[in-house]
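Structural overview for review
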Amino acid sequence: MAVDAQTVHRLAELARIAISDETLEEMSGRLGDVLKLVDQLQTVNTEGVAPMAHPLDASQQLRPDRVTEQDCREAMLALAPQSEDGLYLVPKVID
Amino acid sequence: MEWEIVIGLEVHVQLSTQSKLFSGASTRFGAAPNTQACAIDLAMPGTLPVPNEEAFRYAVMFGLAMNAEIGKRSVFERKNYFYPDLPKGYQTTQLAEPIVGAGEIEIHLEDGSSKSVRLHHAHLEEDAGKSLHDAVFSEGHGMSGIDLNRAGTPLIEIVSEPDMRSAAEAVAYLRKIHSIVTYLGISDGDMSQGSMRCDANVSVRLKGEEKLGTRTELKNINSFRFVERAIKVEAQRQIDLIEDGGRVVQETRLYDADKNETRSMRSKEVANDYRYFPCPDLLPVELTDEYVDTIRQQLPELPDAKSTRFASEYGLSAYDADQLTQERAVAEFFEAATQHCGQPKLVANWMMGELAALLNREEIAIAQSPISAEQLAGLIERIVDNTISSKIAKQVFEAMANGEGDADAVIEKRGLKQVSDTGAIEKMVDDVIANSAAQVENYRSADEAKRPKMMGYFVGQIMKASKGQANPQVINKILKEKLDALL
């Protein structure tokens, strides 16, 4: 089952990805293939099986509350396309 | 028609850990932009988050204080959305298995009544950075500046059930949360610095109706006062809308404090779909019963327990005990001052009277009080031992507030010591009697029953002559003797 064009556009918007009309059909088919795989998984009887958050049968290690990181601002800002006064610059965003 | 307002609150509380929820970068407030944002906070490739144990300990403390279930197993999930102050493109948060489950707390209203509010759950999550839009750049290039120092700071989001029925109840609930987190010492609770932020879900329905009305969400209200005003104005907007035949639209609205109105934040963009899923970088966090029990045993005395103790141990009224225990720093000030002077009721009166007025006027917290607990106790001691009258004490208090030193220093320097010296008072009484022939005559010719009242005039004159420093009991005694001798 292919994913319809409207859904592909919506997913693209949520993912902030531009999709051209040429790639729309291919994308629709590939997403459909993913859903086919999911459908296949859905056929497995999971009655009484607890949902799994992670494939490893282990629990998370926690770390003590200590400041271990140094200021790395200059190195990081140097990677950004634009910065000023210690701030990263981005196209204006207003809610 | 009688309307009922239904309110649920989502409160974000910044936890006062040293380092971030998933990285070892500092969380200190007020650092230069981006100096506390490390590779993990910036979502650099190849980095892995490791959760901060202290954040879990704080969240468990909070859950226990809210009489809530503790999630012995909690799972972090990714909440996906794009915004420049969120470098990863998702917020690491909890959804299906939060650290704190359902709970319940008592809130206390101004009229002395109490009510129970249910907690839906509370979860741990990371804060985002800050976007700076206007007037930060000298050049008008129309860009936004991003400071990621706050990105990754641990928060607990506390979600209530829609149990509140008025703006006043919402404020009382918020104050209770504030009180609990500051008592626990897990947050500074400073709303002005954004350490505590509040979103309110507001709907209205006809009284007696069971079904909830369509709600709107008021975002980011940043003071207790605004919470009250925003809810009132939004509820009224909904009521007016429905009474005019309209329908409430479920949406996010922003409260504009200057105009005292709410307005829609609806943008043309499609509604968000956060596409939550368990974070593959983080395993489920499992806490043992022993871990939780140890924290339970270490919990400090909480506001309600302290209030009950203040009433029984110090003989305060329920109201006074409640007022003095809402803030931990206030309660500690009270106990410190009482320990010094042994006068709990006088300490309570001075704290809720003069001291509260002073702090209000100066807009400062009790921690910044210019008069320490020991200094207030020193002043009260001088009232109790009759060195000064209560009236003069107010003068001394003002002088102490202005940094003129301890009560004894002010009394000494300004010569405010109460005059109990009989000789000096006798002289003042004689002078006043000598200068008040008419009043003396009236006193003599009056009925005996009316005479005590007529003494007021003389006492007033003598107090005036002594600049308020003569001991009133001594004046009364000498005056009566002298006037009666003239009969």
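Residues numbered from 1 in each chain as written. Chains lettered and ligands numbered in written order. Predicted model: local features only at pLDDT ≥ 70, side-chain atom pairs only at ≥ 80, totals over all residues. Heavy atoms only, no water.

Within an unreviewed UniProt entry, the label attached to chain B reads Aspartyl/glutamyl-tRNA(Asn/Gln) amidotransferase subunit B, and the organism entered is Microbulbifer flavimaris. As stated in UniProt under Subunit (unreviewed entry), the record for chain B gives "Heterotrimer of A, B and C subunits." Under the UniProt heading Sequence similarities (unreviewed entry), the entry covering chain B gives this text: "Belongs to the GatB/GatE family. GatB subfamily." (UniProt positions renumbered as here; feature names shortened; annotations may be inferred.)

As annotated in an unreviewed UniProt entry, chain A is Aspartyl/glutamyl-tRNA(Asn/Gln) amidotransferase subunit C from Microbulbifer flavimaris. According to UniProt, the comment filed for chain A under the heading Sequence similarities (unreviewed entry) is "Belongs to the GatC family." What UniProt records for chain A under Subunit (unreviewed entry) is the sentence "Heterotrimer of A, B and C subunits."

1. Observations concerning the overall build of chain A
The number of helices and strands found in chain A is three helices and two strands. Listed N to C, the secondary structure of chain A is α-α-α-β-β in terms of helices and strands. Relative to the 2.2 N^0.38 estimate, which gives 12 Å for 95 residues, the radius of gyration of chain A is 22 Å and therefore markedly larger than a compact globule would have. With respect to the principal axes defined by its C-alpha atoms, chain A has extents near 55 × 45 × 25 Å. Looking at chain A residue by residue over its 95 residues, the buried ones come to 24%. When contacts within chain A are restricted to residue pairs at least 6 apart in sequence, those whose partners lie at least 24 apart make up 33%. Taken together, the 8 basic and 17 acidic charged side chains of chain A have centroids lying 5 Å from each other. (Helix = DSSP H or I, 4+ residues; strand = E, 2+ residues; numbered from the N terminus. Rg over C-alpha atoms; globule rule 2.2 N^0.38 Å. Buried < 20%, exposed > 50% of the residue type's maximum accessible area, 1.4 Å probe, protein only. Contact = heavy atoms within 4.5 Å. Lys, Arg positive; Asp, Glu negative; His and termini not counted. Charge placed at Lys NZ, Arg CZ, Asp CG, Glu CD.)

2. Some points on the pairing of strand 6 (residues 114-126) of chain B
Residue and element names in this part refer to chain B. Pairing of strand 5 (residues 103-108) with strand 6 involves six bridges; the strand directions are antiparallel. Residue Ile 107 lies in a different strand from strand 6, and its bridge partner there is Lys 115. Once strand 5 ends, the chain turns through five residues before running back antiparallel as strand 6, passing Gly 112 with a positive phi of about 95°. (Pairing = 2+ DSSP bridges.)

3. A short note on unusual backbone geometry
All names here are of chain B. For Asn 34, which is not a glycine, the phi torsion comes out positive at approximately 65°. One can find Asn 34 in the loop between strand 1 (3-14) and helix 1 (53-65). In this structure, Ala 43 is a non-glycine residue whose phi angle is positive, near 60°. Structurally, the position occupied by Ala 43 is in the loop between strand 1 and helix 1. A residue is classified by how much of its surface remains accessible, and Ala 43, at 28% relative accessible area, is partly exposed.

4. Some details on the nonpolar core
All names here are of chain B. By size, the foremost hydrophobic cluster in this structure holds 107 residues, and its most contacted members are Phe 62 and Ile 177. Of all the elements, helix 2 (residues 167-184) adds the most residues to this core, at 11 residues. Of the residues that make up this core, three or more belong to each of domain 1 (3-292) and domain 2 (301-414). With residues near it in sequence (within four places) discarded, Phe 62 still touches Ala 122, Ile 156, Ile 158, Ile 177, Ile 180, Val 181, Leu 184 and Ile 186. Membership of the second largest hydrophobic core comes to 17 residues, among which are Ile 425, Val 429, Ile 475 and Ile 478. (Core = buried A, V, L, I, M, F, W, Y, C linked by side-chain atoms within 4.5 Å. Domains from an automatic or database assignment.)

5. Points about the packing of aromatic side chains
Residue and element names in this part refer to chain B. Under the criterion given, the structure shown has 11 aromatic pairs over all chains. Measuring from centroid to centroid gives 5.3 Å for Tyr 457 and Phe 458, while their planes differ by 80°, and the two rings are edge-to-face. For Tyr 457, a relative accessible area of 33% gives the class partly exposed. Within the aromatic cluster, the residues linked to one another by ring pairs are Phe 22, Phe 56 and Phe 76. Just above the ring of Phe 224 sits the side chain of Arg 175; from NZ or CZ to the centre is 4.3 Å. Of note, Arg 451 hangs over the ring of Tyr 443, and the distance from its end group to the ring centre comes to 5.7 Å. (Phe/Tyr/Trp six-rings, centres within 6.5 Å; stacked < 30°, edge-to-face > 60°. Lys NZ or Arg CZ within 6 Å of the ring centre and 35° of its normal.)

6. Topic: the interface of chain B and chain A
Contacts between the two partners involve 58 residues from chain B, matched on the other side by 38 residues from chain A. For the pair chain B and chain A, the summed buried area comes to about 4,200 Å², and 61% of that belongs to carbon and sulfur atoms. Counting the surface chain B buries against chain A, the share from its top three residues, B:Phe82, B:Met143 and B:Leu283, is 15%. Where chain B packs against chain A, one counts zero salt bridges. Counting across the chain B and chain A interface gives 18 residue pairs in polar contact (both at pLDDT 80 or more). Elements represented by at least two residues in the side of chain B that touches chain A include exactly helix 1, strand 8 (143-147) and strand 15 (285-286) of chain B. (Buried area = accessible area lost by both parts, 1.4 Å probe. Salt bridge = Lys/Arg side-chain N within 4 Å of Asp/Glu carboxyl O. Polar contact = N/O pair within 3.5 Å; in protein donor to acceptor, adjacent residues only side chain to side chain.)

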